[in-house]
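Residue-level listing of the chains:
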Amino acid sequence: MRDGRPPAGSGADAAGPGGGGTGAGTGPIDATGGAPRRGSGAGWRRVGPLLRSLPVPLALVAMTALAGVVLGRVYAGPLLPRLVLGAAVGSVLVSVAARRLPSWLVAPVSVLAMAGWTLWSLRLAAAHADLPGGLAEVTADAARNGIPRLLTAMIPVEPTPDTVLVPLVAAWLAGLTGAEVALRAGRVLAGYLPPVLLYAGALYVVGPNAAPALWPTVVLVAVAALGLAVSARAVPDAADPAAGLTPGVRAAVRVRLAAGAAFGLVVVVGLVAVLGPMVAGQVDGRPVDPRRYVEPPQVETLDENPLIRISGWALHPEQKLLDVRVDQPAGGPAAGAAPSPEGDEPADDADAPTEGTSAEPLRIRLAVLSDYDGVTWRVGATYRNAGRILPAATPAAGSTVETVRQDITVAELTGRLLPAVPTPREVTGARVAYDPATGTLIRPEGLTPGLHYTVTSDRERPDSNLLATANVPAGEAVARVLRVADGVPEPLTRLAGQLAEENGAPYARAMAIEQFLAEHYRLVADAPSGHAYPNLNFFLFGPRNGGGQRGTSEQFAAAFAVLGRLTGLPTRVVVGFESTGDGPVRAGDAYAWPEVLFDGLGWVPFHPLPRPNEEPRPVEEDFRPAPETPPPSEAPEPTVEPTASPEPTAAAAGPADSGGVPTPVLVGGGTGGLLLLVGAVLLTLLAMRRSLTRGRLERGDPGQRIAGAWREVTDALRLAGRPVGPDLAATEVARRARDAATPPGVGDDPPRQAAGVDELADLLNQVGFAPGTASPEQADRAAGAAQEYVAALRATRPRWRRLLWPIHPGPLRWRR
């Protein structure tokens, strides 16, 4: 003992078991005078700093998760926000747990954790969407097509592996970068940059497809401010920077600090005054939709106009196209009879809208054709990738809706159009793209024999009692299905006027057209295909002994649709099949029918086909010749086409909020976030360029692939600074392409890759002057020649141009 104090470790100073000392090793004495609370002071010293350090990680987790909340507004169900929340928690938690590890070791550890969370999430999303295939196959497909499918998916987006992969990875990287900058480097404000960029990216992806994200943005700002405030209080109070200085120096320091604060305030106020009105003016603007820059899934040329396939199917009626099994409610519509041997008509017209009986045959719809240019009917649909659950259509007032479940197996049907009973609301067993405007489906990968899928549809029957008084819509919204192309033959105009003059109501006009076609024309299977104006004119008015006044359902449906539009009815043509409800669907079951759009009732089918074994009456009995001077009342009024209004101007994104962050903090703390953003942009451009090249060289018929290979060459010349004008012939472009790819000093002997462009030019001329003659082998050679030429041309460019070549955004926006 020295100076009357017990030696270290004695009982008076120790807090061992049974000791009653009050030294540093013991806890404070209980207020009641009892035994001391051992270890509570040391425990608080350990827990206190931890509690003070929690707000910043929690703020980072909340800001990252809010990006998932904003993006989840265009997703179906809460799965995506939950997965993004898990990624936010995991990324920040890994950084907090590994804060004592070297900084270079944190990123690999976090990436391994990200891989585990991502694989588990993809498996969960695949099970949620009931997708076939193993985890490796699903993951590879999601990594290959994640960005294009995210931007082409139909809203609401179903959370499938390919639509959740990119948000998950982006959320994890944002949380990792923000946590490292804010926690390890101590730059909280700079650490907020990655989550804020992620939040801005989520807003951009959502675009105009959801309501403004007001409350999530308010919460984001509040959480960020709270984290900054708590982190500032966690730092010990700094001493006066002027303390200990002489009065003169102290005054000078304080004046400089005040001047700096005043200057910063003036800058902030000036920016608010200058940029505030500009930002406020964009509040009500329409955000840019990034989906407009990505090409959605397309149909093949064969599927663009399936109406021309009717005659081919009619000539081979026994060809098996599908196997169908249908489950529908008891008392539902009975199966329709098979088409008659003479053609592709139904056995009776029991499904006419005037009857509304339960004997309506089951129609399986293949395609809806709404666009007609006087030569051909086209699909013209915009398909978006969809999940199992499709957007629900609002049924018409008073209509009857029945649920029909179909198990369909593809046999010999080709193309991409996917047959289904209208209107589908759920599809399993196949990845599909959907057009909500027409209610039709495609399989982007194409149909293959043995493909099995299940469709659940809502089959709607309008109230037949409302048809007689129903009106038809007009205006810009239906201009597409009212448009009559130029060049209508004069007899068609006269016939339409005659059928409409005594039938004022829209439904009466439609029934008059249906009855006229059914009573005066013969349905046959061997009529040639064609529905242009000359074909329809010959079908309606050609001599009966010369092949006129007879046709397949193609001519009946097309004639009804054109005559209907001439009388002011919005019409379209539908191609599909009649099914017995259980068994094979053959080529002879294919037929076309017209539909008319009525206000409040939707699209109503009509059946202008003649009854079986009924001899048609001569057209001359009911079609009057044109008078020499028709009275004014009989002159048909011209159809006024509404002009389409321009699309609303997209609102430019507002400028980012300017903060008074010192330059060293921005450089040191924001580097990771900026690199992340730049890397994401470059990867997106690279993926979109590769997708564009694959689409040009691998999709479509041989003619389209050869044309796509030629566009690859012309885009490459433009990237190389050697653009070619549209007025040049293909051979002239090829000569310039050889010159551009020939290195200096080679002379007149260009490289083999450059010489291959001549063959490509010849193939392009063949496609242009002899459509349909190109073979798949020629298309493969054209793709190879284009790829070799692009590689050769790129090799002749300077190093910096070669680096920027695959990520240059030009080919994505150049008009093609």
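Anyway, here's the lowdown on the structure attached to this text.

## Things to note about the overall build of the chain
Counting secondary structure elements, the chain contains 24 helices and 19 strands. Going through the 816 residues of the chain one by one, you find that 43% of them count as buried. Put simply, 77% of the contacts in the chain that link residues at least 6 apart link residues at least 24 apart. Accessible area of the chain: about 40800 Å², with a carbon and sulfur share of 60%.

## Describing the environment of P57
Within the fold, P57 resides in helix α2 (residues 55-71). Of the residues examined, P57 reaches a relative accessible area of 10% and is grouped as buried. Taking the C-alpha atoms as reference, P57 lies 9.0 Å from V89; in sequence the two are 32 residues apart.

## What to know about the pattern of salt bridges
Applying the stated rule across the entire model yields 26 salt bridges. Among the ionic pairs, R696 bridges to E712, the shortest N-O distance being 2.8 Å. Highlighted residues: R696 in helix α18 (residues 671-698) and E712 in helix α19 (residues 702-719), separated in sequence by 16 residues. Overall, R696 belongs to the buried group, its relative accessible area being 4%. Under the relative-accessibility criterion, E712 is labelled buried at 13%.

## Overview of the sheet that holds strand β10 (residues 432-435)
Overall, antiparallel pairing links the four strands, which are arranged β6-β10-β11-β8 in an open sheet. Strands at the two margins of the open sheet, each flanked by one partner only, are β6 (384-386) and β8 (417-418). One ladder, built from two bridges, connects β8 with strand β11 (residues 440-442); its direction is antiparallel. Bridged to L417 within β11 is I442.

## Points about the environment of I442
Following the sequence through the fold, I442 ends up in strand β11. The class of I442 is buried, set by a relative accessible area of 0%. Expressed as a C-alpha distance, the spacing of I442 and A367, which sit 75 residues apart in the sequence, is 9.3 Å. When near neighbours in sequence (up to four residues on either side) are disregarded, I442 contacts P297, Q298, V299, Y383, R416, L417, L418, R431, V432 and A433.

## Here's the deal with the pairing of strand β18 (residues 602-605)
The sheet contact formed by strand β17 (residues 590-598) and β18 spans four bridges and is antiparallel. By the bridge assignment, V596 is partnered in β18 with V604. Turn length for the β17-β18 hairpin, with the two strands adjacent in sequence and antiparallel, is three residues, and the turn residue G600 shows positive phi of about 80°.

## Some thoughts on the pairing of strand β12 (residues 452-461)
Across a regular strand the side chains alternate sides, sitting on one face of the sheet and then on the other. Burial analysis of β12 places seven of its ten residues in the buried class, which makes it a mostly covered element. Bridge count between strand β7 (residues 400-410) and β12: ten bridges; the pairing is antiparallel. Paired with Q406 across the two strands is V455, which belongs to β12. Here four bridges tie strand β9 (residues 424-428) to β12, and the two strands are oriented antiparallel to one another. Bridge assignment links P424 to a residue of β12, and that residue is S457.

## Some thoughts on the side chain of Q778
Note on placement: Q778 falls in helix α22 (residues 776-795). Excluding anything up to four places from it in sequence, Q778 contacts I706, L763, Q766 and T773.

## Concerning the packing of helix α13 (residues 490-501) against helix α14 (residues 506-520)
Relative orientation of the contacting elements α13 and α14 amounts to 125°, with a least axis distance of 9 Å. Overall, the two elements α13 and α14 adopt an arrangement that is oblique. The hand of the α13/α14 crossing is right-handed. Contacts between α13 and α14 involve L495, L499 and A500 from the first element and R509, A512, I513 and F516 from the second. Across the contact of α13 with α14, the residue classes tally to six nonpolar, no polar and one charged.

## Some remarks on helix α15 (residues 533-541)
Those residues of α15 lying buried are Y533, L536, F539 and L540. All buried residues of α15 lie within an arc of 125° about the axis, which places them on one face of the element. The inward-facing, buried residues of α15 contact β4 (371-372), α13, α14, β14 (550-551) and α16 (553-566).

## Focus: the sheet that holds strand β3 (residues 362-369)
Ordered by their spatial adjacency, four strands build an open sheet running β3-β15-β17-β18, and the pairing between neighbours is antiparallel. Each end of this open sheet is capped by a strand with a single partner; those strands are β3 and β18. Shown here is a sheet whose adjacent strand axes are inclined to one another by a mean of 40°, direction ignored. Contacting β15 (571-579) and β17, α16 runs over the sheet at an angle of about 15° to β17.

## As for the side chain of E554
Looking at where E554 falls in the secondary structure, it is placed in helix α16. R309 provides the closest opposite charge to the buried, salt-bridge-free E554, at an N-O distance of 11 Å.

## Quick look at α2
Under the 1.5 Å per step criterion, the end-to-end length of α2 is 24 Å for 17 residues, consistent within 8% with the ideal 24 Å. Counted residue by residue, α2 has 13 buried out of 17 residues, so it is predominantly covered.

## Quick word on the packing of aromatic side chains
Tallied over the full model, the rule gives twelve aromatic pairs. Three or more aromatic residues joined by ring pairs form one cluster here, namely Y507, F560, F598 and F606. For the cation-ring pair, R363 lies above W593, with the distance from its terminal atom to the ring centre recorded as 5.4 Å. The positively charged end of R572 is found above the aromatic ring belonging to W603, 4.1 Å away from the centroid.

## A few points about the nonpolar core
W313, L322, W377, L413, F577 and F598 are the most contacted members of the largest nonpolar core, which totals 87 residues. If you tally residues by element for this core, the top one is α16, at eight residues.

## Section: a nonpolar patch on the surface
On the surface, L85, V89 and L93 cluster together into a nonpolar patch covering about 260 Å² of accessible area. Mapped onto the elements of the fold, L85 is located in helix α3 (residues 79-97). A relative accessible area of 41% places L85 in the partly exposed class.

Rules behind the numbers
- Residues numbered from 1 in each chain as written.
- Predicted model: local features only at pLDDT ≥ 70, side-chain atom pairs only at ≥ 80, totals over all residues.
- Heavy atoms only, no water.
- Helix = DSSP H or I, 4+ residues; strand = E, 2+ residues; numbered from the N terminus.
- Buried < 20%, exposed > 50% of the residue type's maximum accessible area, 1.4 Å probe, protein only.
- Contact = heavy atoms within 4.5 Å.
- Areas by Shrake-Rupley, 256 points an atom, 1.4 Å probe, with all protein chains shown as cover.
- Salt bridge = Lys/Arg side-chain N within 4 Å of Asp/Glu carboxyl O.
- Pairing = 2+ DSSP bridges.
- Axes fitted to C-alpha atoms, helices over the stretch in contact; angles between N-to-C directions.
- Parallel < 35°, antiparallel > 145°, perpendicular 65-115°, else oblique.
- Left-handed = near helix turned anticlockwise from the far one by under 90°.
- Nonpolar A, V, L, I, M, F, W, Y, C, P; charged D, E, K, R; others polar.
- Arc of directions from axis to C-beta.
- Lys, Arg positive; Asp, Glu negative; His and termini not counted.
- Expected span 1.5 Å × (residues − 1).
- Phe/Tyr/Trp six-rings, centres within 6.5 Å; stacked < 30°, edge-to-face > 60°.
- Lys NZ or Arg CZ within 6 Å of the ring centre and 35° of its normal.
- Core = buried A, V, L, I, M, F, W, Y, C linked by side-chain atoms within 4.5 Å.
- Patch = residues over 30% accessible without salt bridge, like charges linked within 9 Å, V, L, I, M, F, W, Y side chains within 5 Å.

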